[in-house]
Amino acid sequence: MTPFTTFLRDNAAFLFAGGLLAFTSSFGQTFFISIFAGQIMAEFSLSHGQWGVIYSIGTAASAAVMLWSGALTDRFRVRNLGVVVLLGLAGASVVMAGNPWGWLLPVSIFLLRLTGQGMTSHIATVAMARWFVATRGRALAVAGTGIALGEALLPLLFVWVMAFVDWRLLWLAAGLFVLMVVPLMHRLLRQERTPQSLAESDNVTGMQDRHWTRGQMLRHPLFWCMLPAIMGPSAFVTALFFQQVHLSEMKGWSHVSFVALFPLYTTVVTAFMLLSGWAIDRFGTARLMPWYQVPIALSFLVMASAESLPGAALAFALMGVTSGANATLPAAFWAEFYGTRNLGGIKAVATAAMVLGSAIGPAITGLLIDAGMPFTTQMSGIAIWFIASSLLLTFGVIRARPSLARAA
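Residues numbered from 1 in each chain as written. Predicted model: local features only at pLDDT ≥ 70, side-chain atom pairs only at ≥ 80, totals over all residues. Heavy atoms only, no water.

> How do you make sense of the environment of proline 330 when you look at a structure like this?
Tracing the backbone shows proline 330 in helix α18 (residues 329–338). Along the chain, proline 330 and tryptophan 101 lie 229 residues apart, while their C-alpha atoms are 38 Å from each other. Sequence-distant contacts of proline 330, defined by excluding residues within four places in its chain, comprise Met226, Met289, Tyr292 and Ala325. (Helix = DSSP H or I, 4+ residues; strand = E, 2+ residues; numbered from the N terminus. Contact = heavy atoms within 4.5 Å.)

> Could you clarify how one ought to interpret the packing of helix α12 (residues 221–242) against helix α16 (residues 294–305) in this entry?
Axes are the key here: two packed helices are described by the angle between their axes and the distance separating the axes. Axis separation between α12 and α16 bottoms out at 12 Å; the angle between their running directions is 30°. Taken together, α12 and α16 sit at an angle that is classed as roughly parallel. As α12 runs across α16, the sense of the crossing is left-handed. Only Ile296, Phe300 and Met303 of α16 make contact with α12, whose side of the interface consists of Phe236, Val237 and Leu240. Considered class by class, the residues forming the contact of α12 with α16 number six nonpolar, no polar and no charged. (Axes fitted to C-alpha atoms, helices over the stretch in contact; angles between N-to-C directions. Parallel < 35°, antiparallel > 145°, perpendicular 65-115°, else oblique. Left-handed = near helix turned anticlockwise from the far one by under 90°. Nonpolar A, V, L, I, M, F, W, Y, C, P; charged D, E, K, R; others polar.)

> What is the right way to read a nonpolar patch on the surface from this model?
Taken together, the side chains of Leu87, Leu176, Leu179 and Met180 present a nonpolar region at the surface, about 400 Å² in accessible area. At three residues, helix α9 (residues 167–188) tops the list of elements feeding residues into the nonpolar patch. Of note, methionine 180 is situated in helix α9. By relative accessible area, methionine 180 is classed as exposed at 57%. (Patch = residues over 30% accessible without salt bridge, like charges linked within 9 Å, V, L, I, M, F, W, Y side chains within 5 Å. Areas by Shrake-Rupley, 256 points an atom, 1.4 Å probe, with all protein chains shown as cover. Salt bridge = Lys/Arg side-chain N within 4 Å of Asp/Glu carboxyl O. Buried < 20%, exposed > 50% of the residue type's maximum accessible area, 1.4 Å probe, protein only.)

> Is there a simple way to explain unusual backbone geometry in this structure?
Across residues other than glycine, the phi torsion is negative in most instances, and most of the peptide bonds are trans. For serine 45, which is not glycine, the phi dihedral falls at a positive 55°. On the secondary structure map, serine 45 appears in the loop between α4 (37–44) and α5 (48–69). For serine 45, a relative accessible area of 62% gives the class exposed. The phi dihedral of glutamine 208 falls on the positive side, at around 60°, and the residue is not glycine.

Right, here's the structure in full:
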């Protein structure tokens, strides 16, 4: 039996719990919500810009709450906090299904984004980063396959079913699925230890051989060098999925044909998630962080110029390289550079920044579309963002790396 299969066997319950949480977060992710964009805009008579602003208001509000709620992972067990959050996600799905008023849309989006994209995915990654030390990268990668599976299956399935079933009933089905996850999650983690005891016993320190607090992290320049790289993928991958209906129309592709490329994207994401997980355990995050956003810069340039679906497939493959690494590298980065004792609170800031990025992307791109600038025209500027953020991140890591305990 190989070391990896032994790792999977010995930690099956914890890894499956992390993957299941990641998969369930799909119902609050943009790639899922955006498949209903056409129906929502038609139902409430919204333009691309108006829908983008509504989405961004709800998402930005969830980012603000994440600064508080994300730190709860330092105080409560995953099996208890996870159950509360999953019940909230199920309720948010029901609210979206039954919402009759346009003014309530920001509230519906807020609930879905906070409980789904925000807290459910946050709990999954914090748990993996805290429970595993020497195999942290592999644990994050294995758990991350949950959301990759959601990206591959859910859009294609729900777009197909939506041809026969009212979109509101599909949201009820999503809520029912989340409710079914709750007892399974509680059983998987019946022997879970508390976050505090794990942090104390593992004693995994960061820079300067100490555990950093959230306030200390915010006063350190490395965080601000990292910030554009945190927000970029969230903002612009979110924008691409959010504007999928518009992009398909601009390119002259059917929506179903475009969505059919998502499994390719997910396959690449999964492959590079696992590869980056191995690379983290082998090389550490400091050597990998400066490079991982270069492929996504290329992907937006390719997507902008693509005239056929094979060109779009190449763009999705390049985007998948960065997205796969993004599922593991940043989470391991916070633990490696800042320690694990206050990891929940520290990563809550990063998650809030990520969620804020996902709020900004749809709003800006939607307003620019309303102003007459198609999303394809915006993509060159997006590529420049990723190149600039990679350079800034490289500068920050080079300065901070000597203070890591392992570098001493």
